[in-house]
Amino acid sequence: MSTLVGGRDDAADRAGGARAGYRLDRAVADIYGDLRLDPVLDHLLSQTTRITGSPFGAVSVVDAAAGRYTKAAEHGIACQIGSSFPLDEGATGRAFAMRRPIVVADYAELPGGHLPKAGPSMHRAAVAVPVWWRDDVIAVNVAFLDPGAGCTVEVVDDIEALSQTASSAILSSGRRDPTLAGALLRRIRERGAVATVTEAGRPVLRSDAVVGAAADVVLAVDAAHPVDGELHVALIHHPDGVRLLVQRPLLGGASTPALLTALRGALADRVDGIVVVEEVPGWGLAVHADLRDPQVAPPPPRSASPLTPREREVLALVRRGGSDREIAARLAVSPKTVEKHVAALLRKTGSPNRTAAVAAAAAFGWNDLD
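Residues numbered from 1 in each chain as written. Predicted model: local features only at pLDDT ≥ 70, side-chain atom pairs only at ≥ 80, totals over all residues. Heavy atoms only, no water.

Re the environment of alanine 286
Within the fold, alanine 286 resides in strand β11 (residues 284-292). Look at alanine 286 and you get buried, because its relative accessible area is 0%. For the pair alanine 286 and valine 221, spaced 65 residues apart in the sequence, the C-alpha separation amounts to 9.0 Å. Those residues in contact with alanine 286 that sit more than four places away from it in its chain are Leu245, Val246, Val276, Val277, Glu278 and Val280. (Helix = DSSP H or I, 4+ residues; strand = E, 2+ residues; numbered from the N terminus. Buried < 20%, exposed > 50% of the residue type's maximum accessible area, 1.4 Å probe, protein only. Contact = heavy atoms within 4.5 Å.)

Examining the environment of valine 318
Relative to the assigned elements, valine 318 resides in helix α10 (residues 309-319). In this structure valine 318 comes out as buried when scored by relative accessible area, which is 6%. Here the alpha-carbon distance between valine 318 and threonine 355, two residues 37 residues apart in the chain, equals 8.4 Å.

Digging into the nonpolar core
Within the largest apolar cluster, 35 residues are counted, with the highest numbers of intra-cluster contacts made by Leu184, Ile188, Val233, Leu235, Leu244 and Val246. Among the elements of the structure, α7 (180-189), β7 (195-200), α8 (208-224), β8 (231-238), β9 (241-248), α9 (256-268) and β11 are those that each provide at least two residues to this core. The biggest single contributor to this core is α8, with 10 residues. Residues Val59, Val129, Leu162 and Ala166 belong to the second largest nonpolar core, which totals 30 residues. (Core = buried A, V, L, I, M, F, W, Y, C linked by side-chain atoms within 4.5 Å.)

Remarks on the confidence of the model for the protein
Predicted confidence across the protein gives a mean pLDDT of 78, with 79% of residues reaching 70 or more. By mean pLDDT, the top-scoring element of the protein is helix α5 (residues 153-165) (93), and the lowest-scoring one is helix α1 (residues 10-20) (46). Scored below 50 in pLDDT, residues 1-18 makes 37 contacts in the model with residues more than four places away or belonging to other chains. (pLDDT = per-residue confidence, 0-100.)

Brief notes about helix α4 (residues 90-98)
Every buried residue of α4 is accounted for by Gly90, Ala91, Thr92, Gly93, Ala95 and Phe96. Elements that come into contact with the buried residues of α4 comprise β1 (57-63), β2 (68-75), β4 (102-104), β5 (126-133) and β6 (136-144). Positive phi appears at arginine 99, one or two residues downstream of α4, with a value of about 65°.

Describing the packing of α8 against α9
Where α8 contacts α9, the axes come no closer than 10 Å and their chain directions differ by 150°. Judged by the inter-axis angle, α8 sits roughly antiparallel to α9. For the pair α8 and α9, the crossing hand works out as right-handed. Across the interface between the two elements, Val217, Ala220, Val221 and Ala224 from α8 touch Leu259, Leu263 and Leu267 from α9. Taken together, the residues that form the contact of α8 with α9 break down as 7 nonpolar, no polar and no charged. (Axes fitted to C-alpha atoms, helices over the stretch in contact; angles between N-to-C directions. Parallel < 35°, antiparallel > 145°, perpendicular 65-115°, else oblique. Left-handed = near helix turned anticlockwise from the far one by under 90°. Nonpolar A, V, L, I, M, F, W, Y, C, P; charged D, E, K, R; others polar.)

Have a look at this one:
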């Protein structure tokens, strides 16, 4: 529902008090003080919380040509930062489609939301404000209000004015500091491939050599087994480079041994690093590649795995495509127990989903360390 939410109480008074100390000129100076993408978005969120009086918010960067947006910054919530979603999902998708600020009375009732069901922002009103550059929406700023806080026209107007002043900073910083997922999507889209790309770890600026190598691997998988449907790609950042995971179901009676052999040969000349090509039950064709970034120093020694023995058992079964119920039956535990172990895997690998967690654990060397 996209309406203003009326009513005032203590939470609304706190928001009003925060707004009373807010000044647009100081906020703009703060946002433009460091023209790199992370600081720009962090300062935009900080200034937005001064307007709302609530510590929760997130900013997504929009790629309209690809029909997707990427969660790029967050305050106080776990919104799957670094993950990419279709532009018809969540509060960001709603604001993009409406082309104006929208207010959701209860975020938990929003179809396609991406916050944890038990998270602190689920039963709050949310304001989603598009950020414009010329005729394009380039980002969406989402603020969550304190429970019971009234969302007035003044609050929405202040957030919109602030967000719009940040558009030039977001555009400039994005040109200097693009995400690897965005660069990879643009590169493979030029060649006609369709993919869903997830990033885990702290996204950092990568050299064109890494983007090119990642695109080569994705396009090679697409060419080796051209079937309808998206490729699923995970990018795991670590200090010396990127671990790439590409997955596609095996369909159409493909000859698996011949396909794997041909793909290994095709990738041997394209990737200067370790490449693993295999068939994984429940997943299909899976390719893991370590892409070194020539801009960074050699890697430090690997750390010991923080995973418990049970978490490593769960990880192995997740890697084989097992659902929570299937894993529970295999380990003779309840599905709720498996959910807790999977949640621990996501937290310890810094991953937004199971696919990324499997790739991250492999990148960190946790599959084979005691």
